[in-house]
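Below, each chain spelled out in residue letters.
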Amino acid sequence: MGLFKFQLTSPTLASRIPELRKAYLTGLDRTPSRLNIEFRQGLMICHRENNESGRLFVPWPVEGHGTPIVGTATLAERSQPYNLAVELARGKLNDVRNQLADWRQMGLRTPPELEGILAEAHHAFIKAATSGDDQEVSFNAAQASLAAIWKVGDLLTDVYTAQVLQTRLATSPKLPSLLGCALEGDPKNAPWAADYNSLFNAARITCPWKSLAPTEGQLRFDEFDAQLAWARKQRIAIQAGPLLDFRPSALPDWIWLWEGDFDTILGLVVDMVRQTVTRYRGKVPVWNLVHRPACNDVLGLSEEEQIRITARAVQIARQADPAAQVLISLERPWAEWMGSSPFQLGPLHLADYLVRADLGLAGLGLEITPGYSAPGSAIRDLFDFSKLLDLYALLNLPLHIDMVLPSSAAPDPKADPSVRVEASQWPTAPDEYTQAAWASRWMALAIAKPFVRSVTWLQPTDAAPHLFPHGGLYGPDQAPKRIVSWLKSFRRELLV
């Protein structure tokens with residue numbers, strides 16, 4: 001058994017224990033391991049199955065930035081407790097300094113004010129690390145260091161985004177990257193359809209198995225046909241999917257009759273994929289085929305069985321239309337959920353496994369939904385998003401980013417009742433300004449990365465039933481939100 005001890009000095013410790021219980025540890029393979037946490041006499045004691053060194057990640061308040069996930073540097077086990085606040089500041093400082101050095105070596109030009117904020121973070125950290133005898137002074141200095149280094153990370157990533165976009169546009173007047181939205185229903189009469197071409201140059205045809213097969217043994221393509229006809233009329237790039245989404249509410253109601261019957265479920269998936277991809281052979285160039293494999297306990301299927309179904313679905317799609325590109329996509333790609341999951345592989349290693357299986361995958365999708373409960377992710381900053389994209393780029397596949405962010409934390413009657421906006425994670429209650437500010441920076445960063453092939457917003461409107469509360473570009477009254485004006489400008493100025 002491995003053991004890490006952390007000294008807690010926060011004056012609000014008692015109220016924060018529920019958040020601290022969400023902590024997880026990663027080793028050299030970056031996969032969160034199962035962790036048992038207890039609190040005793042001002043200590044946070046973390047028990048795990050191995051005794052390797054690792055990094056602790058925990059929701060932690062950062063002034064002006066809400067309660068994001070923050071990680072320590074790599075720590076070795078020792079009998080003396082670590083000061084958690086100090087180690088979190090050290091971890092973030094190390095991450096930002098290392099990235100700054102890498103980007104400068106690549107030619108990044110940084111503004112003068114960055115050095116001043118970085119020096120402020122250094123000085124505060126030194127004070128925190130050398131004031132161990134005065135816990136209050138040490139804690140306050142560590143928090144000041146975190147707040148300053150967070151500003152450095154934000155500024156650094158914004159500067160990186162701007163300069164990479166500028167460099168790419170120097171060789172081409174417009175970028176070939178795809179910016180799209182998932183369609184809903186028949187777009188022909190949708191109020192948002194009139195604006196679509198001024199916002200996007202691509203579209204995602206939504207075709208969950210539940211909609212395709214409301215009854216067993218019969219597939220219905222009315223909605224798919226309507227979306228495809230509309231998208232082709234707009235003369236924009238087309239994706240379709242996911243056909244198989246391992247989220248329970250995206251599966252047909254009748255499939256639960258076969259719960260635990262792997263062979264029957266596999267046969268049903270194979271039949272559905274073959275019929276659908278064959279029907280649209282030559283008409284759909286990109287299939288986002290399977291979403292959320294091996295990250296949820298669903299249909300009584302083990303982790304291995306979900307992976308086998310995923311691999312077989314990809315093989316069938318490739319046979320049905322060899323010319324089409326086939327992707328799989330992953331939810332919660334930071335994998336924080338693994339700390340309390342019996343599954344062992346994790347999204348990064350699952351993707352690596354499927355790539356090595358030589359199935360013919362043409363890309364990998366990542367669902368980015370910060371600040372939501374599951375299937376959303378805990379909040380992180382733009383800097384961590386950049387590091388995540390670079391990490392998955394090591395798989396040498398084009399990335400396809402699916403994204404949604406909330407414009408409110410109020411109840412949303414059209415949203416899935418099992419999903420909520422985690423208001424306590426946000427710096428302030430999310431509103432349209434928050435949604436526009438975050439989405440514009442995160443989408444621009446993704447588009448700036450040359451290995452990101454497409455960015456897709458997951459919900460056009462809050463007026464139709466949807467998964468993520470207040471995640472639409474248009475409100476319940478179909479009025480455009482503030483993000484729409486930014487999308488129009490970004491689309492017009494940067495994209496083909």
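The structure contained in this document is the topic of the report that follows. Just so it is clear, the model here is predicted, and its values are computed rather than measured. (Residues numbered from 1 in each chain as written. Predicted model: local features only at pLDDT ≥ 70, side-chain atom pairs only at ≥ 80, totals over all residues. Heavy atoms only, no water.)

Description of the nonpolar core
Step number 1: By size, the foremost hydrophobic cluster in this structure holds 160 residues, and its most contacted members are W287, L289, F385 and I401.
Step number 2: Considering each element in turn, this core owes the most residues, 13 residues, to helix α4 (residues 135–171).
Step number 3: With residues up to four places along the chain from it excluded, the contact list for W287 reads C207, F224, A240, L243, T276, V277, Y280, A324, Q325, V326 and L327.
Step number 4: Counting five residues, the second largest nonpolar core, distinct from the first, contains C295, W337, M338 and F343. (Core = buried A, V, L, I, M, F, W, Y, C linked by side-chain atoms within 4.5 Å. Buried < 20%, exposed > 50% of the residue type's maximum accessible area, 1.4 Å probe, protein only. Helix = DSSP H or I, 4+ residues; strand = E, 2+ residues; numbered from the N terminus. Contact = heavy atoms within 4.5 Å.)

Description of the sheet that holds strand β7 (residues 69–71)
Step number 1: The four strands are arranged β3-β2-β6-β7 in an open sheet whose pairing can be described as antiparallel. The outermost strands of the open sheet, each flanked by one partner alone, are β3 (32–33) and β7.
Step number 2: Note: strand β6 (residues 55–59) against β7, three bridges, orientation antiparallel. Pairing of F57 across the sheet is with G71, part of β7. (Pairing = 2+ DSSP bridges.)

Some points on the packing of aromatic side chains
Step number 1: All told, the structure shown has 18 aromatic pairs when counted by the stated rule.
Step number 2: Ring geometry for F4 versus F6: centroids 6.3 Å apart, planes at 15°, classification stacked.
Step number 3: A relative accessible area of 0% means that F6 is categorised as buried.
Step number 4: Judged by centre distance (5.7 Å) and plane angle (25°), the rings of W438 and W442 are stacked. (Phe/Tyr/Trp six-rings, centres within 6.5 Å; stacked < 30°, edge-to-face > 60°.)

A word on the environment of N51
Step number 1: Structurally, N51 is set in the loop between β5 (43–48) and β6.
Step number 2: With relative accessibility at 57%, the residue N51 sits in the exposed group.
Step number 3: Residue contacts for N51: discarding those within four places in its chain leaves G2 and E77.

Regarding the environment of N140
Step number 1: Position of N140 among the secondary structure elements: in helix α4.
Step number 2: Overall, N140 belongs to the partly exposed group, its relative accessible area being 43%.
Step number 3: Considered as a pair, N140 and Q459 are 319 residues apart in the sequence and their alpha carbons are 41 Å apart.

Overview of the sheet that holds strand β4 (residues 36–40)
Step number 1: One open sheet accounts for four strands, arranged β4-β5-β1-β8; its pairing is mixed. Edge positions in the sheet fall to β4 and β8 (82–83), since each has one partner strand and no second.
Step number 2: As judged from the six bridges shared by strand β1 (residues 2–7) and β5, these two strands associate in the antiparallel manner. In the sheet register, L3 faces β5, and the bridge partner there is H47.

Remarks on the side chain of T456
Step number 1: Topologically, T456 is positioned in strand β17 (residues 452–457).
Step number 2: Residue T456 is classed as buried on the basis of its relative accessible area, which comes to 3%.
Step number 3: With sequence-adjacent residues up to four places away left out, T456 is seen in contact with G180, C181, A182, R204, I401, D402 and M403.

Overview of the packing of helix α3 (residues 112–129) against α4
Axis angle and axis distance: for two packed helices, these are the angle between their axes and the distance between the axes, and together they describe the pair.
Step number 1: Relative orientation of the contacting elements α3 and α4 amounts to 155°, with a least axis distance of 7 Å. Here α3 is positioned roughly antiparallel relative to α4, judged by the angle of their axes. Crossing handedness for the pair α3 and α4: left-handed. In this structure, α3 contributes E113, L114, I117, L118, E120, A121, A124, F125, K127 and A128 to the contact, and α4 contributes V137, S138, A141, A142, A144, S145, A148, I149, K151, V152, L155 and L156.
Step number 2: Here the residues of the contact of α3 with α4 are counted per class, giving 16 nonpolar, two polar and four charged. (Axes fitted to C-alpha atoms, helices over the stretch in contact; angles between N-to-C directions. Parallel < 35°, antiparallel > 145°, perpendicular 65-115°, else oblique. Left-handed = near helix turned anticlockwise from the far one by under 90°. Nonpolar A, V, L, I, M, F, W, Y, C, P; charged D, E, K, R; others polar.)

Side note on the side chain of D462
Step number 1: Tracing the chain through its elements places D462 in the loop between β17 and α13 (482–494).
Step number 2: Within the structure, the side chain of D462 is placed 2.8 Å from the backbone nitrogen of G472, a separation counted as a polar contact.
Step number 3: For D462, the residues in contact, after removing those within four places along its chain, are S407, K414, H470, G471, G472, Y474, G475, P476 and K481. (Polar contact = N/O pair within 3.5 Å; in protein donor to acceptor, adjacent residues only side chain to side chain.)

Concerning the pairing of β1
Step number 1: Side chains G2, F4 and F6 of β1 all project onto a buried face; the interleaved residues L3, K5 and Q7 project onto a face where none is buried.
Step number 2: Alignment of β1 against β8, held across two bridges, turns out to be parallel. Directly across from Q7, in β8, lies its bridge partner N83.

Some remarks on the pattern of salt bridges
Step number 1: All chains considered together, the criterion is met by 23 salt bridges.
Step number 2: Where R380 meets E336, a salt bridge forms, and the shortest distance between an N and an O atom there is 3.8 Å. Here E336 lies in the loop between β14 (325–330) and α10 (347–356) and R380 lies in the loop between β15 (363–368) and α11 (382–393), a separation of 44 residues in the sequence. As far as the burial class goes, R380 and E336 line up, both buried.
Step number 3: When salt bridges with common partners are traced through the structure, they connect D245, R247, R292, E331, R332 and E367 into a single cluster. (Salt bridge = Lys/Arg side-chain N within 4 Å of Asp/Glu carboxyl O.)

Remarks on the environment of E49
Step number 1: Mapped onto the elements of the fold, E49 is located in the loop between β5 and β6.
Step number 2: Distance from E49 to S33, taken between C-alpha atoms, is 8.2 Å for residues 16 residues apart in sequence.

Quick notes on helix α9 (residues 303–320)
Step number 1: Taking 1.5 Å per residue as the helical rise, α9 with its 18 residues ought to reach 26 Å, and the 26 Å between its terminal C-alpha atoms agrees with that figure.
Step number 2: Along α9, the residues classified as buried are E303, Q306, I307, I309, T310, A311, A313, V314, I316, A317 and A320.
Step number 3: In this fold, the buried residues of α9 make contact with β12 (244–245), α8 (262–279), β13 (286–291), β14 and α10. (Expected span 1.5 Å × (residues − 1).)

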